[in-house]
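Below are the chains, spelled out letter by letter.
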Amino acid sequence: MDVLEASMKEKVLSHATGATGASPITPGQTMAASKPSSGGAKPSPGSRRVCPISAINPYQGNWTIKARITNLGQLRTFNSKAGNSGKVMNIDLMDESGTEIRATMWHEMAEEWHAKLQQGKVYYISRGTLKMAQKQYRQLANDYEMTLNKSSEIEEAEDDMAPLAVTYDFTTFENLGQHIGNKVPFDVLGVVKAMGELGTVKRKNDGSELVRRDVTLLDSSSKTVTLTLWNQLAEDSQFDKIKDNSTHVLAAKYVRASDYNGVSLSTISKTILTMDPEIPEALKLKQWYEDSGRTAPTTSAGEGLASAKSPGQGRSNAVVSLKEVQPEDLAPTSAPPEFHNVRVTVARASTKNNMWYNSCPEEGCNKKVIEENGGWYCESHQQSFPECKRRYIAQFQVMDSEGSAWVSTFNEQAQTLLGRSADEMADIRSSSEQGFAREIKKSDWKPYMMTVRSKTDEYNGDARRRITVQSVRPMTWAAECQRLVQEIQALS
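Residues numbered from 1 in each chain as written. Predicted model: local features only at pLDDT ≥ 70, side-chain atom pairs only at ≥ 80, totals over all residues. Heavy atoms only, no water.

Asks: Would you take a moment to explain the overall build of the protein chain for this structure?
Replies: Scanning the protein chain from terminus to terminus reveals eight helices and 26 strands. Counting across all 492 residues of the protein chain, residues that qualify as buried make up 43%. Counted over contacts in the protein chain with a minimum sequence separation of 6, partners at least 24 positions apart contribute 64%. Of the roughly 26800 Å² of accessible surface on the protein chain, a fraction of 48% belongs to carbon and sulfur atoms. (Helix = DSSP H or I, 4+ residues; strand = E, 2+ residues; numbered from the N terminus. Buried < 20%, exposed > 50% of the residue type's maximum accessible area, 1.4 Å probe, protein only. Contact = heavy atoms within 4.5 Å. Areas by Shrake-Rupley, 256 points an atom, 1.4 Å probe, with all protein chains shown as cover.)

What follows is the structure in C-alpha cells.
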C-alpha cells in the first residue's frame, strides 16, 4: 500500500510539472511572503517551473502558480465565538488558461499583503495549502480553495500573460432553476427583448441610492428572464445602441440567480457584459431569433418552477400522500427532483438547530452576513451594514393519513407556518425561552396544502429523500371539497 501511494504521488507531481521525471519546484525559487523583496535579480521566466492551477491539489506540496489577481477583497475584521478578533482577506486568482481559485489570508498575513497586492497584477505564488472548497459557500468553479500563511511565498511576476479571451459556459433559461441559491456564478446568453430605464433604489440601512436597470432576455428555449444590472454596469454606454430597432444579443459572464418571480438574474461586482459578441453561440442565437424566434410564443423561465406558480398550483394538480413522496425504492442521486402537492398537518417545528440565519438587509440579497466590528459584513456586496435581517431555515414534521416526514422550509414558507417573522421570533427568544416555546407551539396541528420538492441526496454514505417546501397555504375546506368533487367526476 505504501508503494502504491508513493507511486500515485509521483504521478501527481509529474503531471503538475508538465513532464514525467521532471524535478519538483523548489521553495527557493520564490520570495518568502513575510519578507520584503531583496531587490536582487529575479529568475527569468524560462527558469521558473510553473504549475497550472488545474494541476495543483492537496497531495502535492511543492508547486508554484503564476496567476493574475482578478478580485482583491477587502481586509475584514471578525470576532470569533470565543470573543477573539482577527483579520481576513480573500483574493481571486486566474492563470493563463482561465482557471480560477480563491485564496484566503488571515491575521498578520492579511494585513501585510493587503497593502502590497494590486488587483490586475500577476504574481508567482507557492507554498500555499489546499483543501476542498465548501460547496455551499464557494464562489468560484473550483473544487479546491487555497490558504496562504507565513510560510507561503508571493512575488510579483512580469506581466507576459497574453490577454485572456473571455470564455463562456452558457446555461439555457430552461435550466436556470439549478442555480437558484447557488453562490457560484454562471453565464447566460440572450436576445435583448426589452431594456428598462435607469432607476434607483434606496438602501434600507443608510438611505443611499443604488443605480439599477432591468433587461429582459430571451433564448432559443423560448423562455424569458429578467437580468438586473447594478451601478456602473447599469450605466454602461454600450446599452445606448439598444435604442435602435435591430437585434442585439447580450452575453453575461458571472451572474447569480434568485427565486424572485420564480427565477431572476442579477449582476455582481465581477460580472462581464458583452453586447453582440463575435462568438458562434451568439451568431446562432441571433439567426434563430430573426428566422423564427421573433414571432414564437414565449413564457417566463420562472413558470417552469414550482416556486413561481400561483397558490394551489404545482407540477400537477393531483394531491399525493407522503408515502408516495418517500418511496421505498429511492431514485438515484443523479435523478432530477420531483414536485408534488400534499395535504398535511404540521405536527411540530424543530428547535434543535438554529431556525434562522443572519442575512444581508439589502432587498433581493439573501446572502449570509458575518458579524464584525459591531456591524454585519456581506461578502456579496463587499461592505458592512449596521443591521442584519434574520431569515428562516426551519424544519417541520408533517403528517397525513399514510405517514410522516421532516420537511425543510425557507423564509416565506416558515413565516406562513409560524405566523411571525424570524426577527420577531428572535426578539421573543432573547427575552424569554418560555415565551418562545409558546409561540412555536402555536404552529402545531394545523392543516395546510403544500407544494414540495423531493430529491434523493446522500448523507454519510446513506441515500435519503430530502423534501423542501416550495409553497404553503392554509387549508380552505370549500376549495378542498370542490377538488374532491372534480376527482370523483373524473372517475365516472
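Having seen the model, we can carry on.
Asks: Whenever I open this one, helix α2 (residues 107-114) confuses me. Can you help?
Replies: Since the α-helix turns once every 3.6 residues, residues separated by three or four places project in the same direction. Taken residue by residue, α2 has M109, A110 and W113 as its buried positions. Buried residues of α2, viewed axially, fall in a sector of 100 degrees; they line one side. Against the buried residues of α2 lie β3 (85-94), β4 (100-106), β7 (144-148) and β8 (153-156). (Arc of directions from axis to C-beta.)

Asks: Could you clarify how one ought to interpret the confidence of the model for the protein chain in this entry?
Replies: Low pLDDT marks regions whose predicted coordinates should not be analysed in detail. Per-residue confidence for the protein chain averages 79 on the pLDDT scale, and 82% of its residues sit at or above 70. Across the protein chain, the secondary-structure element scoring lowest on mean pLDDT is helix α1 (residues 2-17), at 43, and the one scoring highest is strand β23 (residues 394-400), at 94. Overall, residues 306-315 carries pLDDT values under 50, and its contacts beyond four positions in sequence, including any with other chains, amount to 24 contacts. (pLDDT = per-residue confidence, 0-100.)

Asks: What is the right way to look at the packing of aromatic side chains in this model?
Replies: The geometry of two aromatic rings is summed up by the distance between their centres and the angle between their planes. All told, the structure shown has three aromatic pairs when counted by the stated rule. Measuring from centroid to centroid gives 4.8 Å for Y168 and F170, while their planes differ by 15 degrees, and the two rings are stacked. On the numbers, 6.1 Å between centres and 90 degrees between planes, the contact of W356 with F436 is edge-to-face. Separated by 80 residues along the polypeptide, W356 in strand β18 (residues 356-359) and F436 in helix α7 (residues 433-441) bring together distant segments of the chain. For the pair W356 and F436, a shared accessibility class is recorded, and that class is buried. In this structure an aromatic cluster arises from ring pairing among W356, Y392 and F436. Note that K116 overlies the ring of W113, its terminal NZ or CZ placed 4.8 Å from the centroid. One Lys or Arg, K253, reaches over the ring of Y254 and ends 4.9 Å from the middle of that ring. (Phe/Tyr/Trp six-rings, centres within 6.5 Å; stacked < 30°, edge-to-face > 60°. Lys NZ or Arg CZ within 6 Å of the ring centre and 35° of its normal.)

Asks: Sorry if this is basic, but what is going on with the nonpolar core here?
Replies: The tendency in soluble globular proteins is for nonpolar side chains to be buried as a group. Counting residues in each nonpolar core, the largest one holds 30 residues, and the members touching the most others are V342, M355, W356, F396 and M450. Ignoring any residue separated from it by four or fewer positions in sequence, one finds W356 in contact with R390, R391, Y392, I393, A422, M425, A426, R429 and F436. (Core = buried A, V, L, I, M, F, W, Y, C linked by side-chain atoms within 4.5 Å.)

Asks: Is there a simple way to explain the side chain of E379 in this structure?
Replies: As for its placement among the helices and strands, E379 is situated in the loop between β20 (375-378) and β21 (383-385). Looking at E379, its side chain comes within polar contact range of the side chain of N90, at 2.8 Å. Of note is the side chain of E379, whose polar atom sits 3.4 Å from the side chain of R102. (Polar contact = N/O pair within 3.5 Å; in protein donor to acceptor, adjacent residues only side chain to side chain.)

Asks: Honestly, the side chain of S454 in this entry has me stumped. Any pointers?
Replies: Relative to the helices and strands, S454 is located in strand β25 (residues 446-459). Among the polar contacts listed, one links the side chain of S454 to the side chain of R465, at a separation of 3.3 Å. Not counting residues within four places of it along the chain, the set of residues in contact with S454 comprises V325, P337, E338, H340, R465, R466 and I467.

Asks: Help me out: how do you make sense of the pattern of salt bridges in this one?
Replies: Think of it this way: side chains of opposite charge can pair up when their charged atoms draw near. Applying the stated rule across the entire model yields 17 salt bridges. A salt bridge links D92 to R102, with the nearest nitrogen and oxygen atoms 2.8 Å apart. One end of the pair, D92, is in strand β3; the other, R102, is in strand β4, with ten residues separating them in the sequence. The same class applies to D92 as to R102, namely buried. A salt bridge links E439 to K442, with the nearest nitrogen and oxygen atoms 3.0 Å apart. Classification of E439 as buried rests on a relative accessible area of 11%. (Salt bridge = Lys/Arg side-chain N within 4 Å of Asp/Glu carboxyl O.)

Asks: Sorry if this is basic, but what is going on with the sheet that holds β20 here?
Replies: Backbone-to-backbone hydrogen bonds join strands into a sheet, with any given pair of strands oriented parallel or antiparallel. Read from one edge of the open sheet, three strands run β19-β20-β21, paired in antiparallel fashion. Taken across any chain shown, the strands that pair with only one partner, and hence form the sheet edges, are β19 (369-372) and β21. Across the sheet, the axes of successive neighbouring strands diverge by a mean angle of 35 degrees, strand direction being ignored. Taken together, the three bridges between β20 and β21 define a ladder with antiparallel strand orientation. Bridge pairing links C378 to Q383 in β21. (Pairing = 2+ DSSP bridges. Axes fitted to C-alpha atoms, helices over the stretch in contact; angles between N-to-C directions.)

Asks: Would you mind going over the environment of A335 with me for this structure?
Replies: On the secondary structure map, A335 appears in the loop between α4 (322-325) and β17 (338-349). A335 sits 120 residues away from K455 along the chain, and the two C-alpha atoms are 7.7 Å apart.

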